[in-house]
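A closer look at the structure
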Amino acid sequence: AAEPKQTSCAFPYAGFYVMKTRSVYSAIFAGPIGTDGGGGHAHDDKLSFTFSLGKHDIIVDPGIFVYTASKPYRDLFRSCEIHNTVCLGGEPQNRYLEDSPWWGCHEDTKCEVLKWEATEEQVIFEGQHHGYRRLPASIVHRRRIELNEANRSYEIRDFFDAEHTDLVRPAMRLNLTLHPDCEIVSQKTTVVTVRHGDAELTIEAMEGEWVVEEGLFAPSYGVKCATNRLTLEQNPGVDAFWMRLSW
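In this numbering scheme, every chain counts its residues from 1 along its sequence in written order. With pLDDT at 70 or above as the cut-off, local features in this predicted model cover only qualifying residues; side-chain atom pairs require 80 or more to be listed or tallied, and sums for whole chains, interfaces and linings still use all residues. With hydrogens and water set aside, each side-chain value is computed from the structure's full complement of heavy atoms.

With that settled, consider the overall build of the protein. The secondary structure content of the protein amounts to one helix and 17 strands. Based on the C-alpha atoms only, the size of the protein along its principal axes is roughly 55 × 45 × 35 Å. Partly exposed residues are those whose accessible area sits between 20% and 50% of the maximum for their type, while under 20% is buried and over 50% is exposed, using a 1.4 Å probe and protein chains only. Here the protein, with 247 residues, has 50% of them falling under the buried criterion. Here a residue-residue contact requires only that any non-hydrogen atoms of the pair lie within 4.5 Å. In the protein, 59% of the contacts between residues at least 6 apart in sequence involve partners at least 24 apart. Surface accessibility follows the Shrake-Rupley procedure with a 1.4 Å probe radius. Residue values consider only the protein chains on display as shielding. By element, 49% of the accessible surface of the protein is carried by carbon and sulfur atoms, the whole surface being about 11400 Å². Averaging the locations of the 25 positively and 36 negatively charged side chains of the protein gives two centres separated by 2 Å. Helix and strand assignments come from DSSP, with helices taken as H or I runs of at least 4 residues and strands as E runs of at least 2, each series counted from the N terminus. Note on charges: Lys and Arg go in the positive column, Asp and Glu in the negative column, and His and the chain ends are not counted at all. Taken as the charge centre is NZ of Lys, CZ of Arg, CG of Asp or CD of Glu, depending on the residue.

Below, the structure is given as structure tokens:
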């Protein structure tokens, strides 16, 4: 029987964008916070992504560990710092509600998708969120992702578009949570190679230095396990950043 056709697809009302080629499965999150703008179950995962190569998950969403059993874990697993996106100035993407510390948030991000083009060989996503407009420089975080099957590459370009260009943009922190079964086989300043089974992925940054930190992954509710998390920080003032995955 013929292999099923690999089809990328978009679910714009929910904000899920799925890139799928012969080699890659990647999900990108760029939607509303849900519950009619109340964000009862929202996470700070706007413009975050997952990445699987072949049958192996490599860059993963951290999942949900617990709700009311632990507020520290509840806040950690819905925070920006544990998702595969960019944090600016140590600030959340969406502020928690003042009268509801456990549930809900303000819809600061107001995600917009600017471009979605998909063929069997190439998929392009571009979106932005407004969560950092409340910072002094009034910044829109814009992310463009290009998957090219022929070139065996997945490029992420982040832009920090400031309304007040005379004010310094805050420090940037990029996070990537790895699947617990991933092994880091090589680590240099800007390049890290990871392996999961027979899948090997090289992660290259434009500049900066990758740091391996202790991370957490929840494969199901009430279950958590240790994993590695890659982080990279840039000093205040950066207005763009580039990263490439290749295999």
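Right, let's talk about empty space enclosed by the protein for a bit. Of the grid points, spaced at 1 Å and generated over the protein atoms alone, those admitting a 1.4 Å probe that cannot get out make up cavities, while open sets with protein on both sides within 12 Å along at least five of seven lines make up pockets; any residue with an atom within 4 Å of a point is treated as lining. Grid points are joined across faces, edges and corners, and a volume is the space filled by probe spheres set on the points. For the structure shown, the criterion picks out one cavity of 30 Å³ or more. Looking at the largest cavity, its volume works out to about 40 Å³. As for the largest cavity, its lining consists of Ala 42, His 43, Asp 44, Arg 78, Asn 94, Tyr 96, Gly 104 and Cys 105. Among the residues making up the lining of the largest cavity, the classes are represented as three nonpolar, three polar and two charged. Note on residue classes: Ala, Val, Leu, Ile, Met, Phe, Trp, Tyr, Cys and Pro are nonpolar, Asp, Glu, Lys and Arg are charged, and everything else, Gly too, is polar.

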